[in-house]
Amino acid sequence: MDREAAWNLMCEWTESESLRRHMLAVATAMRAYAGRFDEDEEKWEVTGILHDMDYERHPTPAEHPQVGVQELERLGYPDDVRVAILGHADYLDVPRETRLAKTLYAVDELSGFIMAVALMRPERLEGLSAKSVKKKMKQKSFASSVSRDDIVNGAEDLGVELNEHIEFVAKALRSREKELGLAV
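As the structure is a prediction and not an experimental result, all values here were calculated from the model.

**Student:** Can you tell me about the overall build of the protein chain, naming the residues and giving the values?
**Tutor:** For the protein chain, the count of helices and strands is nine helices and zero strands. Secondary structure elements in the protein chain, listed N-terminal to C-terminal, are α-α-α-α-α-α-α-α-α. By the compact-globule yardstick of 16 Å for 184 residues, the protein chain fits well, its C-alpha radius of gyration being 15 Å. Judged by the C-alpha coordinates and their principal axes, the protein chain covers about 45 × 35 × 30 Å. Relative to its 184 residues, the protein chain shows a buried fraction of 48%. Pairs at least 24 residues apart make up 66% of the contacts formed inside the protein chain by residues separated by at least 6 positions. Only carbon and sulfur atoms are counted for the fraction: they give 46% of the accessible area of the protein chain, which is about 8,900 Å².

The following block contains the structure:
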């Protein structure tokens, strides 16, 4: 499990800067949670980097994330990484049984939503509170493609209170705000 190799692989499959930033955000939150749970930080970060690698080329439920997972299998990535990536797509009905899979699901939609909220604020991520994020969650027209249910259910499945989860992920993203395009 090598972060640089995973990043290069993802970049081969993904040209969109915004999609790359999304995967970096998810990877950042994954690494932070791995540290919190005393798990393999590199493996968790790699899982976040690769979870949407095929989305640009294969965005349909018939293909995403299965095409990417097939490539990861060919390259010898571990089963738990591949199953976690499959599990982040609700429509596949792959059970999220490991902490790795539950965390990927929990941070995926939330990372994107937090980035959207931050982009609307002059101070970006600085001082971003769970209260501010939850207020935006109530505005259905804001970042309407983000599933609020996935955010709430992800935190619950992970066993982390929603406010704590939001603030933990926001803090993790602050550590890479420049690379995420969120620096003030």
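**Student:** Which residues make up the side chain of His165, and what are the values?
**Tutor:** Looking at where His165 falls in the secondary structure, it is placed in helix H9 (residues 162-174). Among the polar contacts listed, one links the side chain of His165 to the backbone oxygen of Ala106, at a separation of 3.0 Å. Not counting residues up to four positions away in its chain, the partners in contact with His165 are Tyr33, Ala106, Val107, Leu110, Ala155, Leu158 and Val160.

**Student:** Hey, could you go over the environment of Val117 for me, with residue numbers and the actual values?
**Tutor:** By the secondary structure assignment, Val117 is in helix H6 (residues 99-119). Between the C-alpha atoms of Val117 and Val133, which are 16 residues apart in sequence, the distance is 6.8 Å. When near neighbours in sequence (up to four residues on either side) are disregarded, Val117 contacts Leu128, Lys136 and Phe142.

**Student:** Explain the packing of helix H2 (residues 17-36) against H6 residue by residue, including any values.
**Tutor:** Viewed as axis vectors pointing N to C, H2 and H6 meet at an angle of 130°, and their least axial separation amounts to 9 Å. Here H2 lies oblique to H6, going by the angle between them. In terms of crossing hand, the pair formed by H2 and H6 is right-handed. Within the contact between the two elements, H2 uses Arg21, His22, Ala25, Val26, Ala29, Met30 and Tyr33 and H6 uses Leu100, Thr103, Leu104, Val107, Asp108, Ser111, Gly112 and Met115. Looking at the contact of H2 with H6, its residues break down into nine nonpolar, four polar and two charged.

**Student:** Can you tell me about H6, naming the residues and giving the values?
**Tutor:** Spanning 21 residues, H6 covers 30 Å between terminal C-alpha atoms, matching the ideal 30 Å at 1.5 Å per step. Roughly 25° is the biggest bend found in H6, and it falls at Val107. Along H6, 15 of the 21 residues are buried, which leaves the element largely enclosed by surrounding structure.

**Student:** If you had to explain the nonpolar core to someone new, which residues and values would you point to?
**Tutor:** Ranked by internal contacts, the top residues of the largest apolar core, which has 57 residues, are Tyr33, Leu50, Phe113, Ile114, Val169 and Leu173. Ranked by residues supplied to this core, first place goes to H6 with 11 residues. When sequence neighbours within four positions are dropped, the list of residues in contact with Ile114 reads Leu125, Leu128, Val133, Ile166, Val169, Ala170 and Leu173.

**Student:** Outline the layout of surface pockets, listing residues and values.
**Tutor:** Empty space within the largest pocket amounts to approximately 770 Å³. Taken together, 25 residues make up the lining of the largest pocket; nearest its centre are His22, Asp52, Asp108, Glu109 and Ser145. When contributions to the lining of the largest pocket are tallied by element, the ones reaching two or more residues are H2 and H6. Of the residues assigned to the lining of the largest pocket, the class counts are 12 nonpolar, seven polar and six charged.

**Student:** Can you break down the packing of H2 against H9 residue by residue, with the values?
**Tutor:** It is at 9 Å that the axes of H2 and H9 come closest, and there the two elements cross at 115°. If you check the angle between H2 and H9, you find them roughly perpendicular. With respect to the hand of their crossing, H2 and H9 are arranged in right-handed fashion. Across from Ala25, Thr28, Ala29, Ala32, Tyr33 and Arg36 in H2, the residues of H9 making contact are Glu164, His165, Phe168, Val169, Ala172 and Leu173. Across the contact of H2 with H9, the residue classes break down as eight nonpolar, two polar and two charged.

What counts as what
Residues numbered from 1 in each chain as written. Predicted model: local features only at pLDDT ≥ 70, side-chain atom pairs only at ≥ 80, totals over all residues. Heavy atoms only, no water. Helix = DSSP H or I, 4+ residues; strand = E, 2+ residues; numbered from the N terminus. Rg over C-alpha atoms; globule rule 2.2 N^0.38 Å. Buried < 20%, exposed > 50% of the residue type's maximum accessible area, 1.4 Å probe, protein only. Contact = heavy atoms within 4.5 Å. Areas by Shrake-Rupley, 256 points an atom, 1.4 Å probe, with all protein chains shown as cover. Polar contact = N/O pair within 3.5 Å; in protein donor to acceptor, adjacent residues only side chain to side chain. Axes fitted to C-alpha atoms, helices over the stretch in contact; angles between N-to-C directions. Parallel < 35°, antiparallel > 145°, perpendicular 65-115°, else oblique. Left-handed = near helix turned anticlockwise from the far one by under 90°. Nonpolar A, V, L, I, M, F, W, Y, C, P; charged D, E, K, R; others polar. Expected span 1.5 Å × (residues − 1). Bend = angle between axes of the 7 residues up to and from the residue. Core = buried A, V, L, I, M, F, W, Y, C linked by side-chain atoms within 4.5 Å. 1 Å grid on protein atoms, 1.4 Å probe; cavity = no way out; pocket = protein on both sides within 12 Å on 5 of 7 lines; lining within 4 Å. Points joined across faces, edges and corners; volume = space filled by probe spheres on them.

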